[in-house]
Amino acid sequence: MNGFLSSLRLWFAPARVRDEGETPDYRFSLANERTFLAWVRTALALVGGGFAVDQFLPDLRWAWRIGLSLALLAVGAMCALRAVNHWVRCELAMRRGEDLPVTRFPALLSLAVGAVALIMVVVVLFGWAEQ
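Per an unreviewed UniProt entry, the recorded name for the chain is DUF202 domain-containing protein, and the organism is Streptomyces polyasparticus. Taken from UniProt, the Subcellular location (unreviewed entry) comment for the chain reads in full: "Cell membrane".

Spelled out as structure tokens, the structure:
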């Protein structure tokens, strides 16, 4: 838990990352930043999808619409938080000369998006008019 809290502090003070280890090749830091931005774009797409389901599918049963919207919004929020956490962990590992951290998050994200997609397929196939 202590490692998480120290990582959390670095989310809001990224300049403190420089206090750790040695400066890595700038290309690796830039690649880490590009990966962070890719995660943020994914999070924005998921949040946008959540709003789109809520706003543009008014004929969808309320429970389905809210459930799918909240699922997409929650996954988008988790993805955004994961982005900054992963950036800090990778930056610290590079500065310390350690292996990059391993994570299950991409698999979990894929499962969540796949589940929402399958639910949407069922909704499309069987209709969504309120009854």
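And the narrative resumes.
**Q** Mind showing me how you'd approach the side chain of Ser-29 here?
**A** When you line up the elements, Ser-29 lands in helix H2 (residues 26–56). Overall, the relative accessible area of 18% leaves Ser-29 in the buried class. Setting aside chain neighbours within four positions, we find Ser-29 in contact with Pro-24, Glu-91 and Met-94.

**Q** What is the right way to read the UniProt feature "transmembrane region" (unreviewed entry) in the chain from this model?
**A** UniProt annotation of "transmembrane region" (unreviewed entry) refers to residues 36–56, 62–84 and 105–129 when read in the numbering used here. Between the first and last C-alpha atoms of residues 36–56 the distance is 30 Å; the span itself is 100% helix and 0% strand. Across residues 62–84, the secondary structure splits into 100% helix and 0% strand, with the terminal C-alpha atoms separated by 33 Å.

**Q** I'm lost on the packing of helix H3 (residues 62–96) against helix H4 (residues 105–126) in this one. Help?
**A** The geometry of a pair of packed helices is captured by two quantities: the angle between their axes and the separation between those axes. At a minimum axis distance of 11 Å, the contact between H3 and H4 shows a crossing angle of 165°. One way to sum up the angle between H3 and H4 is to call them roughly antiparallel. As H3 runs across H4, the sense of the crossing is left-handed. Counting all contacts with H3, which are made through Trp-64, Leu-68, Ala-71, Leu-72, Val-75, Met-78, Cys-79 and Arg-82, the residues of H4 involved are Phe-105, Leu-109, Ala-112, Val-116, Ile-119, Met-120 and Val-123. Here the residues of the contact of H3 with H4 are counted per class, giving 14 nonpolar, no polar and 1 charged.

**Q** Got a minute to help me understand the layout of surface pockets in this structure?
**A** The method is simple in principle: a probe with the dimensions of a water molecule rolls over the atoms, and the space it marks as empty is what remains. The calculated volume of the largest pocket comes to roughly 230 Å³. Every element with two or more residues in the lining of the largest pocket is listed here: H2 and H3.

**Q** Can you walk me through the UniProt feature "domain: DUF202" (unreviewed entry) in the chain in this structure?
**A** UniProt annotation of "domain: DUF202" (unreviewed entry) refers to residues 27–89 when read in the numbering used here. Segment residues 27–89 splits into 92% helix and 0% strand. End C-alpha atoms: 17 Å apart.

How each quantity is defined
- Residues numbered from 1 in each chain as written.
- Predicted model: local features only at pLDDT ≥ 70, side-chain atom pairs only at ≥ 80, totals over all residues.
- Heavy atoms only, no water.
- UniProt positions renumbered as here; feature names shortened; annotations may be inferred.
- Helix = DSSP H or I, 4+ residues; strand = E, 2+ residues; numbered from the N terminus.
- Buried < 20%, exposed > 50% of the residue type's maximum accessible area, 1.4 Å probe, protein only.
- Contact = heavy atoms within 4.5 Å.
- Axes fitted to C-alpha atoms, helices over the stretch in contact; angles between N-to-C directions.
- Parallel < 35°, antiparallel > 145°, perpendicular 65-115°, else oblique.
- Left-handed = near helix turned anticlockwise from the far one by under 90°.
- Nonpolar A, V, L, I, M, F, W, Y, C, P; charged D, E, K, R; others polar.
- 1 Å grid on protein atoms, 1.4 Å probe; cavity = no way out; pocket = protein on both sides within 12 Å on 5 of 7 lines; lining within 4 Å.
- Points joined across faces, edges and corners; volume = space filled by probe spheres on them.

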